[in-house]
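Residues per chain are reported as follows:
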Amino acid sequence: MTGRRYAVSDVMTSRVVAVRVKASFKDIVRTLRQWQVTALPVLDDERRVVGIVSEADLLPKEEAKDGSPASVTAGDGSAAAKATAVTADQLMTAPAVTVAGSATLALAARTMARNRIKRLPVVDAAGVLTGIVSRSDLLKVFLRDDEEIAEEVRRDVLDRLFVAPSEPLRVEVHDGVVTVTGRVRDTTLVPVVARLVRGVEGVVDVDCALMGPLRHPDLDPDLPDIAGMPPA
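Rules used in this analysis
Going along each chain's sequence as written, the residues are numbered from 1 onward. Restriction of local features to residues with pLDDT of at least 70 applies here, the model being predicted, together with a cutoff of 80 or more for giving and counting side-chain atom pairs; totals for whole chains, interfaces and linings are based on all residues. Side-chain descriptors were evaluated using all non-hydrogen atoms of the structure, hydrogens and water having been removed beforehand. Side-chain rings of Phe, Tyr and Trp (the six-membered ring for Trp) are treated as a pair once their centres are within 6.5 Å; stacked means planes under 30 degrees apart, edge-to-face means over 60, and tilted covers the remaining angles. Here, over-ring charges are defined by two tests on the NZ atom of lysine or the CZ atom of arginine: distance to the ring centre within 6 Å, and angle to the ring normal within 35 degrees. Axis definition: a line fitted to C-alpha atoms, limited for helices to the stretch in contact. Angles are taken between N-to-C directions and run from 0 to 180 degrees. Runs of E in the DSSP output that reach at least two residues are strands. Runs of H or I that reach at least four are helices, and both are numbered from the N terminus. Angular relationships are summarised with four words: roughly parallel below 35 degrees, roughly antiparallel beyond 145, roughly perpendicular across 65 to 115, and oblique for the angles in between. Throughout, a crossing is termed right-handed when the near helix is turned clockwise from the far one, and left-handed when it is turned anticlockwise from it by less than a right angle. The criterion used for residue contact is that any of the two residues' heavy atoms lie within 4.5 Å. Each pair of strands is called paired provided DSSP finds at least two bridges between the two strands.

**Quick look at the packing of aromatic side chains**
Then, number 1: The tally for this structure, following the rule as stated, stands at zero aromatic pairs.
Then, number 2: A cation sits over an aromatic face here: K61 above F25, 5.2 Å from the ring centre.

**What about the packing of helix α8 (residues 146-161) against helix α9 (residues 190-198)?**
Then, number 1: Two elements in contact, α8 and α9, have axes separated by 10 Å at closest approach and are oriented at 160 degrees. On the basis of their axis angle, the class for α8 and α9 is roughly antiparallel. By crossing handedness, the relation of α8 to α9 is classed as right-handed. Residue-level contacts link V153, V157, L158 and L161 of α8 to V192, V193, L196 and V197 of α9.

**Let's talk about the sheet that holds strand β8 (residues 177-183)**
Then, number 1: Spatial ordering of the open sheet is given by β7-β8-β9, a layout of three strands whose pairing is mixed. In this open sheet, the two strands that pair with only one neighbour each are β7 (170-174) and β9 (205-211). Within this sheet the neighbouring strands show an average axis-to-axis angle of 10 degrees, counted without direction.
Then, number 2: When β8 meets β9, the two strands line up parallel, connected through seven bridges. For T181, the partnering residue across the bridge sits in β9 and is A209.

In structure tokens:
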């Protein structure tokens with residue numbers, strides 16, 4: 001088990017702009033423009049996230065200028081309704097897709113990918129807004145210092161799996177790519193090392209070059225002396 005996993009609350013932005021359920025159409029447009037965002041959480045009186053209103057939710061009103069609201073996106077009753085909507089609760093997409101602050105970054109990333117969205121409101125157990133996390137926030141862990149990553153690999157992976165290695169194990173990290181070298185008695189643990197190192201936050205890739213102990217032909221006569229064998 002590696003060190004403490006980063007949670008959404010570690011990387012999220014705590015200062016969040018949102019609108020209330022009765023915010024007017026014009027207030028929503030003004031807020032989007034002022035804060036240079038494309039979507040806003042919609043909150044009820046207890047600051048619970050009840051929906052999301054985005055630029056896409058507002059566009060049907062502009063589309064309707066070419067005809068009646070009912071002609072907006074033929075067959076799409078939702079778009080037609082939004083063409084006549086004037087407040088956030090009428091315009092928003094609900095229920096909102098949210099994530100808990102205690103969730104892992106992997107879960108947040110999967111949620112974004114599955115729902116094809118770029119950011120998620122972060123809520124507590126009661127559904128109250130506590131922050132927002134974006135794709136770029138999830139990538140912050142890859143800015144961890146190489147030596148910080150190396151120290152975690154040594155402490156939380158190698159030192160726990162190999163109490164007394166046959167020789168010192170070496171960890172080098174360059175731009176997030178971890179290289180582990182040395183000899184170990186139990187080579188069945190090598191795939192485990194690679195999996196655990198890959199799970200360390202900020203690791204980009206892993207080159208696990210651990211080998212088994214040196215063989216001595218005089219002590220193990222049934223084993224070929226690889227170094228002394230003639231070339232094929």
